[in-house]
Amino acid sequence: SAAARAAAGNLQAAADGDKMTKASGITVDESVKILNVDDVNDKEEMMKKFEHLFDANDPKKGGSLYLQSKVIRARERIEMHWAQEKLKAEQETSEQPASETDPTDSANKSQ
């Protein structure tokens, strides 16, 4: 059923998120806090904050390599999140039967 597929998809998304968190060593929430972004999906804001924090923590300018690396990991984790969301959206689109995506199909059945 569609509900079972959706539930399985949610479980898979959670598992994928856990894998990405383990791979990157950081969660999306931590990344949002590190970069101080309001919306995880605002790519322009994220890159602007990333560039500022990366430059501000440049060891050549007296900054911290540790903090600079945290900023990099935060950007990478958010980019992983974007890729996961894009893949999830593509999978949902490709899994929908034609009758669910074609509004004229249901209209023809009711006549």
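Residues numbered from 1 in each chain as written. Predicted model: local features only at pLDDT ≥ 70, side-chain atom pairs only at ≥ 80, totals over all residues. Heavy atoms only, no water.

Draft legend 1. Molecular detail of the packing of helix α3 (residues 43-56) against helix α4 (residues 65-95). Packing of α3 against α4 brings their axes to within 9 Å, and their N-to-C directions diverge by 165 degrees. Relative to α4, the element α3 is oriented roughly antiparallel. For the pair α3 and α4, the crossing hand works out as left-handed. Contacts from K43, M46, M47, F50, L53 and F54 in α3 reach Q68, V71, I72, R75, I78, E79 and W82 in α4. (Axes fitted to C-alpha atoms, helices over the stretch in contact; angles between N-to-C directions. Helix = DSSP H or I, 4+ residues; strand = E, 2+ residues; numbered from the N terminus. Parallel < 35°, antiparallel > 145°, perpendicular 65-115°, else oblique. Left-handed = near helix turned anticlockwise from the far one by under 90°. Contact = heavy atoms within 4.5 Å.)

Draft legend 2. Representation of the packing of aromatic side chains in the model. Inspection of every chain in the model, using the stated rule, returns 1 aromatic pair. Centroid distance F50 to F54: 5.6 Å. Interplanar angle 35 degrees. Geometry classified as tilted. Of this pair, F50 and F54 both sit in helix α3, 4 residues apart, which is roughly one turn of that helix. Above the plane of the ring of W82 lies K43, whose end atom (NZ or CZ) is 5.0 Å from the centre. Directly above the ring of F50 sits R75, whose terminal nitrogen or CZ lies 4.6 Å from the centroid. (Phe/Tyr/Trp six-rings, centres within 6.5 Å; stacked < 30°, edge-to-face > 60°. Lys NZ or Arg CZ within 6 Å of the ring centre and 35° of its normal.)

Draft legend 3. A look at the nonpolar core. The biggest cluster of nonpolar side chains holds 13 residues, and the ones touching the most others in it are V32, L35, M46 and I78. Broken down by secondary-structure element, the contributors of at least two residues to this core are α2 (28-35), α3 and α4. Leaving out residues up to four positions away in the same chain, L35 has contacts with M46, K49, F50, L53, V71, A74, R75 and I78. (Core = buried A, V, L, I, M, F, W, Y, C linked by side-chain atoms within 4.5 Å. Buried < 20%, exposed > 50% of the residue type's maximum accessible area, 1.4 Å probe, protein only.)

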